[in-house]
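Now for the letters of each chain:
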Amino acid sequence: MKALWQRIPFAYQLIGAFAIATICAILIVYAFADWSIQERFRTYRARAATLQARPLQRFLTSYYYRFGSWEGLSELLNPQLQELPPLEQPLMIADATGVVFISSDPKLLGRKLSERDLAAGVPIRVGGERVGTLIMAIPAGTFSPIEQEFSQSVRDSILIAGVVALIIALGLGILFVRRLARPLEELRLAAEQIAQGKLEPRVSITSSDELGRLGQTFNQMAESLQRSEQLRRQLILDIAHELRNPLMIQQSHLELLLDNVVPPTPQQLQTIYEQNLLLGRLVRDLQLLALADAGELQILRIPTPFSEILQRVVTHIQPALEAKQIKLEAEIAHDLPTLAVDPQRIEQVLLNLLDNACRYTPSSGTIWLSALREDGVVHVRVRDGGPGIAPEDLPHIFERFYRGDKSRARSSGGTGLGLAIAKALIEAHGGKIWAENASEGGACFHFTVPVTDNLS
């Protein structure tokens, strides 16, 4: 049965669920209404019996007042009561102590009634004293023709209303299912195309409810997949390009040497060696990024005064800046803490940022380096004196092999992995890194290293 239900299309399942729920509701209402009518009629019968008891109450009151007791009444009434048709509740008369001495049911004679039974009866009082209680009979069996006709009309009305409600519910259910099934079907078709490697399909957004938000999430996922695929393809092309240049240079020099076209010279060997170093650097950079992606990048944390790291980096970069006649203005706060970091990795980040700033700062320009402690982090800024970063390039500046300056040759611009590596290293330390265009001019790179859980 479960397998059969699972084979039914989802739209028909929903319509069937609407129909079953409506039918169940109709049956419940029908059963409750029928029971309620029966109970109401019984209540009305009991009230009618109470009203009919008034003449008999007056007779019994007069009898007791006249004779001073109930003596002789049972011989007078009991034989006549035995001839009554079956009753749902027998007629009973109890004395002052609550003992039944007259009843249409002989089995009840001599029974002592409870306080509840006596409270439901009609009291017989003489001189202000309760001398007996009259329990009126309620006829058993079917209701009267008028009562049956009324009850049947109510049932018919409920059935008609139920059929109308079922039709309306099915109509609304079909409309709802169509509204639900259309975007789901569109989503299914788009997902099938994406599963086949076609990442262009998008679903239309026609509402802001859960379905609309699902469509937006799907489109965002598709865009992310498409961009990831584009980046993957571009990454392969970039890696191939980065590897091809040094390999071709090495190959050409080695071919010349092997064919004895030119004799080996220190300059040729130096060129081959430098290209080999470039290949090794590129492979190491790619390996580092692969480890970062896999969450296996090892950070050897050592308690290190952060100001010492900055001073070493400034000392290391100074000759390169002087060769280009670039001035470095460093503003390092005196209260920088001792942090449990990997000093070599932090130095690598700083050198990448300063090297990048040096590349874009014109000769005789200035690079600004600052570091201060704020809100539980050490905040480092590196601002260059260049033209800044194009707004369309800012979101992608930390992507691998991404270059905002497409005209810059790769031989002068490095491997294009420096900022991606800096991002991976800072995030491995639990920090953040970002870039912006400074209001004073130039591009400004920021990164933070948390002080929490470090040595201070």
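Thresholds, definitions, all that
Residues numbered from 1 in each chain as written. Predicted model: local features only at pLDDT ≥ 70, side-chain atom pairs only at ≥ 80, totals over all residues. Heavy atoms only, no water. Buried < 20%, exposed > 50% of the residue type's maximum accessible area, 1.4 Å probe, protein only. Helix = DSSP H or I, 4+ residues; strand = E, 2+ residues; numbered from the N terminus. Pairing = 2+ DSSP bridges. Axes fitted to C-alpha atoms, helices over the stretch in contact; angles between N-to-C directions. Core = buried A, V, L, I, M, F, W, Y, C linked by side-chain atoms within 4.5 Å. Contact = heavy atoms within 4.5 Å. Left-handed = near helix turned anticlockwise from the far one by under 90°. Nonpolar A, V, L, I, M, F, W, Y, C, P; charged D, E, K, R; others polar.

Draft legend 1. Spotlight on helix α11 (residues 418-428). Considered for burial, the residues of α11 that qualify are L419, A420, I421, A422, A424, L425 and I426. Looking at the residues trailing α11, positive phi occurs at G430, about 85 degrees.

Draft legend 2. Layout of the sheet that holds strand β5 (residues 129-135). One open sheet accounts for 4 strands, arranged β3-β2-β5-β4; its pairing is antiparallel. Of all strands in the sheet, those with a lone pairing partner are β3 (100-103) and β4 (122-126), marking the two edges. Within this sheet the neighbouring strands show an average axis-to-axis angle of 25 degrees, counted without direction. For strand β2 (residues 92-95) and β5, the ladder comprises 4 bridges, and the chain directions are antiparallel. Along β5, the bridge assignment pairs A94 with T133.

Draft legend 3. Fine view of unusual backbone geometry. A positive phi is found at S364, a non-glycine position, where the angle reads about 70 degrees. Turning to its location among the elements, S364 is positioned in the loop between α9 (343-360) and β10 (366-374). If you check the backbone angles, D375 has positive phi at about 50 degrees while not being a glycine. For D375, the location among the structural elements is in the loop between β10 and β11 (377-383).

Draft legend 4. Region of the structure containing the nonpolar core. The biggest cluster of nonpolar side chains holds 50 residues, and the ones touching the most others in it are F306, I367, F445 and F447. Not counting chain neighbours up to four residues away, the residues in contact with F445 comprise L353, N356, V380, R381, V382, I389, I397, F398, L419, W434 and A435.

Draft legend 5. Highlighting the pairing of β5. Of all 7 residues that make up β5, 5 are buried, and the element is covered over most of its length. Note: β4 against β5, 5 bridges, orientation antiparallel. Each bridged residue has a counterpart across the sheet, and for V126 the counterpart in β5 is E129. Remark: 2 residues form the turn of the hairpin made by β4 and β5, two consecutive strands paired antiparallel; G127 in that turn has positive phi of roughly 65 degrees.

Draft legend 6. Examining the packing of α9 against α11 more closely. Following both chains from N to C, one finds α9 and α11 inclined at 145 degrees, their axes separated by 9 Å at the closest point. Here α9 runs over α11; the crossing is left-handed. The segment α9 lies against α11, with R345, I346, Q348, V349, N352 and L353 engaging G418, L419, I421, A422, L425 and I426. Residues that form the contact of α9 with α11 fall into these classes: 8 nonpolar, 3 polar and 1 charged.

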